[in-house]
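The lines below spell out each chain.
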Amino acid sequence: NAGVTQTPKFQVLKTGQSMTLQCAQDMNHNSMYWYRQDPGMGLRLIYYSASEGTTDKGEVPNGYNVSRLNKREFSLRLESAAPSQTSVYFCASQTGQGAYEQYFGPGTRLTVT
Amino acid sequence: RKEVEQDPGPFNVPEGATVAFNCTYSNSASQSFFWYRQDCRKEPKLLMSVYSSGNEDGRFTAQLNRASQYISLLIRDSKLSDSATYLCVVNTGFQKLVFGTGTRLLVSP
């Protein structure tokens, strides 16, 4: 049982480049989330998808787009990377049926130069 | 005021000690609460859920005080392997969680 998987694990981009971070879960969860974690800031919500076919902005959505491809997959896209987007990105999933525990993927470490 | 506040620590304790962390939250409508553990450069992992006044799991006890809006985590008989950052997490509704910045624990031999 893989839980939540993320690819890639590490990525270095130049300013202005684009990339997509992939996330998949095999727990049949309804809700999925993208967070970023920066030193001293804690986890901040970028976007979330409460159910297949819906997406909503979180606390820090600027510079990102998301796609809920199906119930299993939720991708995060950086259209034009900026150094301020250097961070660790975590994907998480939640059953969304009255239980609010979230389960996290291993993260993607992104550096934008 | 931050929605979830924690003392960043670090808390330095010897093996076998008992240590407690507190966390305060600002939204009185919050209904569910969690403690997550995060090891260096790893993802957060669920340690305990706190849905009522408290919860106990082995050496770990979480308590909730709704009147004062704080949650505590007590670790008894600390192990070296308990060294990590402990995140206080609050569900504020709309299926979203708010994470504290974490309390760092260092257990020494």
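Keep in mind it's a predicted model, so treat the numbers as computed, not measured.

## Let's talk about the overall build of chain A
Move 1: For chain A, the helix and strand inventory stands at zero helices and eleven strands.
Move 2: For chain A, the N- to C-terminal ordering of α and β elements is β-β-β-β-β-β-β-β-β-β-β.
Move 3: In summary, chain A has a C-alpha radius of gyration of 13 Å against a globular reference of 13 Å for 113 residues, a match within 12%.
Move 4: For chain A, the C-alpha atoms occupy an extent of roughly 40 × 25 × 25 Å along the three principal directions.
Move 5: Residue burial in chain A is summarised as follows: out of 113 residues, 48% are buried.
Move 6: When contacts within chain A are restricted to residue pairs at least 6 apart in sequence, those whose partners lie at least 24 apart make up 55%.

## As for the state of the cysteines
Residues and elements named next belong to chain A.
Move 1: Under the criterion given, the structure shown has two disulfides over all chains.
Move 2: A sulfur-sulfur separation of 1.8 Å characterises the disulfide bridge that pairs C23 with C91. Disulfide C23 to C91: torsion about the S-S bond roughly -70°, handedness left-handed. Placement of C23 in strand β3 (residues 19-25) and of C91 in strand β9 (residues 87-94) is noted, with a sequence separation of 68 residues between them.
Move 3: A relative accessible area of 0% places C91 in the buried class.

## A short note on the pattern of salt bridges
Move 1: Counting across every chain of the model gives seven salt bridges over all chains.
Move 2: Between D38 of chain A and R36 of chain A there is a salt bridge, with the nearest N and O atoms lying 2.9 Å from each other. As far as burial versus exposure is concerned, D38 of chain A and R36 of chain A are alike and both buried.
Move 3: Here R37 of chain B and D39 of chain B are joined by a salt bridge, their closest N and O atoms 2.8 Å apart.
Move 4: Here the salt bridges share partners, and the residues they tie into one network are R36, D38 and R44 of chain A.

## Some thoughts on the sheet that holds strand β3 (residues 19-25) of chain B
All names here are of chain B.
Move 1: Spatial ordering of the open sheet is given by β1-β3-β8-β7-β6, a layout of five strands whose pairing is antiparallel. Where the open sheet ends on each side, the last strands, each with one partner, are β1 (4-6) and β6 (54-57). Each strand axis lies, on average, 15° off the axis of its neighbour in the sheet, ignoring direction.
Move 2: As paired elements, β1 and β3 share three bridges and run antiparallel to each other. Residue pairing for β3: V4 is matched across the bridge by Y25.

## Observations regarding the packing of aromatic side chains
Move 1: As enumerated under the stated definition, the model contains twelve aromatic pairs over all chains in all.
Move 2: Aromatic pair Y33 of chain A and Y35 of chain A: ring centres 6.3 Å apart, planes at 20°, arrangement stacked. Both residues of the pair, Y33 of chain A and Y35 of chain A, belong to the buried class.
Move 3: Where Y25 of chain B meets F33 of chain B, the ring centres are 4.8 Å apart and the plane angle is 45°; that geometry is what we call tilted.

Here is what the cut-offs are and how they apply
- Residues numbered from 1 in each chain as written.
- Chains lettered and ligands numbered in written order.
- Predicted model: local features only at pLDDT ≥ 70, side-chain atom pairs only at ≥ 80, totals over all residues.
- Heavy atoms only, no water.
- Helix = DSSP H or I, 4+ residues; strand = E, 2+ residues; numbered from the N terminus.
- Rg over C-alpha atoms; globule rule 2.2 N^0.38 Å.
- Buried < 20%, exposed > 50% of the residue type's maximum accessible area, 1.4 Å probe, protein only.
- Contact = heavy atoms within 4.5 Å.
- Disulfide = S-S within 2.5 Å.
- Salt bridge = Lys/Arg side-chain N within 4 Å of Asp/Glu carboxyl O.
- Pairing = 2+ DSSP bridges.
- Axes fitted to C-alpha atoms, helices over the stretch in contact; angles between N-to-C directions.
- Phe/Tyr/Trp six-rings, centres within 6.5 Å; stacked < 30°, edge-to-face > 60°.

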